[in-house]
Amino acid sequence: EVQLVESGGGLVQPGGSLRLSCAASGFSFRNYWMTWVRQAPGKGLEWVANIKEDGSEKYFVDSVKGRFAISRDNVKKSLYLQMDSLRVEDTAVYYCARVFDFWSGDHYYYYMDVWGKGTTVTVSS
Amino acid sequence: IQMTQSPSSLSASVGDRVTITCRASQIISKDLNWYQQKPGKAPNLLIYAAAKLQSGVPLRFSGSGSGTEFTLIISSLEPGDSATYYCQQNNITHQTFGPGTKVEIK
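Student: I tried to follow the overall build of chain B on my own but got confused; where do I start?
Tutor: Looking only at helices and strands, one finds zero helices and 11 strands in chain B. The N-to-C order of helical and strand elements in chain B reads β-β-β-β-β-β-β-β-β-β-β. A principal-axis box enclosing the C-alpha atoms of chain B has dimensions of 35 × 25 × 25 Å. Expressed as a percentage of its 106 residues, the buried residues of chain B come to 50%. As presented, chain B carries roughly 4,700 Å² of accessible surface, and 47% of it is formed by carbon and sulfur atoms. On chain B, the mean spot of the 9 positive side-chain charges and the mean spot of the 6 negative ones are 2 Å from each other.

Student: Would you mind going over the interface of chain A and chain B with me for this structure?
Tutor: Interfaces are often described in size by the accessible area the parts lose on coming together. Every contact between the two is made by 26 residues of chain A and, on the other side, 22 residues of chain B. Regarding the contact of chain A and chain B, the summed buried area is about 2,000 Å², with carbon and sulfur atoms giving 63% of it. Ranking the residues of chain A by area buried against chain B places L45, Y110 and Y111 of chain A at the top, with a combined share of 29%. For the pair chain A and chain B, the interface holds zero salt bridges. In this structure, the connection of chain A to chain B is made through 10 residue pairs in polar contact (both at pLDDT 80 or more). Of all the secondary structure elements, the ones that give two or more residues to the side of chain A that touches chain B are β4 (33-39), β5 (45-51), β6 (58-60), β9 (92-103) and β10 (108-115) of chain A. The dominant element in the side of chain A that touches chain B, judged by the number of residues it contributes, is β10 of chain A, at seven residues. Considered class by class, the residues forming the side of chain A that touches chain B number 16 nonpolar, six polar and four charged.

Student: Hey, could you run me through the state of the cysteines in this one?
Tutor: Here a disulfide denotes one covalent bond, and it connects the sulfur atoms of two cysteines. Within the structure shown, the criterion is met by two disulfides over all chains. Between the sulfur atoms of C22 of chain A and its disulfide mate C96 of chain A the distance is 1.9 Å. Given an S-S torsion of about 50°, the disulfide between C22 of chain A and C96 of chain A has right-handed geometry. Pair noted here: C22 of chain A is in strand β3 (residues 18-25) and C96 of chain A is in strand β9, with a separation of 74 residues, a long-range link. Each sulfur in the disulfide pair C22 of chain B and C87 of chain B lies 2.1 Å from the other. Around the S-S axis, the bridge from C22 of chain B to C87 of chain B shows a dihedral of about 70° and counts as right-handed. Remark: C87 of chain B occurs in strand β9 (residues 83-89) and C22 of chain B occurs in strand β3 (residues 18-24); sequence separation between them is 65 residues.

Student: What should I look at first to understand the sheet that holds strand β1 (residues 3-7) of chain A in this one?
Tutor: Sheet strands associate in pairs through backbone hydrogen bonding, adopting either a parallel or an antiparallel arrangement. Residue and element names in this part refer to chain A. One open sheet holds the four strands; their spatial order is β1-β3-β8-β7, and the pairing between them is antiparallel. Of all the strands in the sheet, the pair left with one neighbour each is β1 and β7 (68-73). On average, each strand axis in the sheet is tilted by 15° relative to the strand beside it, whichever way the strands run. In this structure, β1 lies alongside β3, joined through five bridges in antiparallel fashion. Note that in β3 the partner of S7 across the bridge is S21.

Student: Is there a simple way to explain the pattern of salt bridges in this structure?
Tutor: As a working rule, side chains carrying opposite charge can pair if their charged atoms are close by. The final tally for this structure, using the stated rule, is 10 salt bridges over all chains. Note that K52 of chain A is salt-bridged to E57 of chain A, the shortest N-O span being 3.2 Å. Between R60 of chain B and D81 of chain B there is a salt bridge, with the nearest N and O atoms lying 2.7 Å from each other. Separated by 21 residues along the polypeptide, R60 of chain B in the loop between β6 (52-53) and β7 (61-66) and D81 of chain B in the loop between β8 (69-74) and β9 bring together distant segments of the chain. Residue class for R60 of chain B comes out buried when judged on its relative accessible area of 18%. What emerges from the salt-bridge pattern is a single network uniting R38, E46, R67 and D90 of chain A.

Student: Explain the packing of aromatic side chains here, please?
Tutor: Geometry of an aromatic ring pair is reported as the spacing of the ring centres plus the angle between the planes. Evaluation of the coordinates by the stated rule reveals 15 aromatic pairs over all chains. Judged by centre distance (6.2 Å) and plane angle (20°), the ring pair of W33 of chain A and Y59 of chain A falls under stacked. Taken together, the residues W33 of chain A in strand β4 and Y59 of chain A in strand β6 connect sequence positions 26 residues apart. What makes W33 of chain A buried here is its relative accessible area of 4%. Following the ring pairs from residue to residue traces out a cluster consisting of F27, F29, Y32, F100, F102, Y109 and Y111 of chain A together with Y48 of chain B. Here the guanidinium or amino end of R72 of chain A rests over the ring plane of F29 of chain A, the centre of that ring lying 4.4 Å away. A cation over an aromatic ring shows up here: R98 of chain A above the ring of F27 of chain A, its NZ or CZ 4.9 Å from the ring centre.

Thresholds applied
Residues numbered from 1 in each chain as written. Chains lettered and ligands numbered in written order. Predicted model: local features only at pLDDT ≥ 70, side-chain atom pairs only at ≥ 80, totals over all residues. Heavy atoms only, no water. Helix = DSSP H or I, 4+ residues; strand = E, 2+ residues; numbered from the N terminus. Buried < 20%, exposed > 50% of the residue type's maximum accessible area, 1.4 Å probe, protein only. Areas by Shrake-Rupley, 256 points an atom, 1.4 Å probe, with all protein chains shown as cover. Lys, Arg positive; Asp, Glu negative; His and termini not counted. Charge placed at Lys NZ, Arg CZ, Asp CG, Glu CD. Contact = heavy atoms within 4.5 Å. Buried area = accessible area lost by both parts, 1.4 Å probe. Salt bridge = Lys/Arg side-chain N within 4 Å of Asp/Glu carboxyl O. Polar contact = N/O pair within 3.5 Å; in protein donor to acceptor, adjacent residues only side chain to side chain. Nonpolar A, V, L, I, M, F, W, Y, C, P; charged D, E, K, R; others polar. Disulfide = S-S within 2.5 Å. Pairing = 2+ DSSP bridges. Axes fitted to C-alpha atoms, helices over the stretch in contact; angles between N-to-C directions. Phe/Tyr/Trp six-rings, centres within 6.5 Å; stacked < 30°, edge-to-face > 60°. Lys NZ or Arg CZ within 6 Å of the ring centre and 35° of its normal.

Given below as structure tokens:
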């Protein structure tokens, strides 16, 4: 079964750090871009970061640049999100997702086809 | 790239045809996906590349559009379709979700 399981969430004070993990199983993890998406309480979805199959390319939403780092270990089939200098507004459920890409002949299309259940991060004093 | 959706919410009856519109602030070709999210659950992919139905998704869901305007249609609403629907532009370097459309069953 294709599965993603997040862990590492919790309560942290503003300015603190947290490291989220996402364990993949049931598919060839090394062959996919991976992504983190978050959802603040009662709010919509917000893309946070992407990482290429080999880790050579990483992209972030502006609000987390310089504070968050995304990484992966293809041997352990795991994705990570290191979150530093956390702010109250980082409070959210954090989802990891697999990014599927397909070539249409002249263009790559990307979409998030497998999602974990999420892990909750609460930033509060 | 900013994404907008309309309406922000709607209430419809079982069997109704439901249309949700998504607009991009600039041309995105067909780089547009649709997701369904039920309360307390992770999102679920419905449509990718603007019009391609994800495997396992019921045929009553369809998508269309290109450029800056896109549409998700539920041809005949069922009780289990009560959810929030999000569009997403999929530039791999910077992805953006729309604000969501909440669909309720009358």
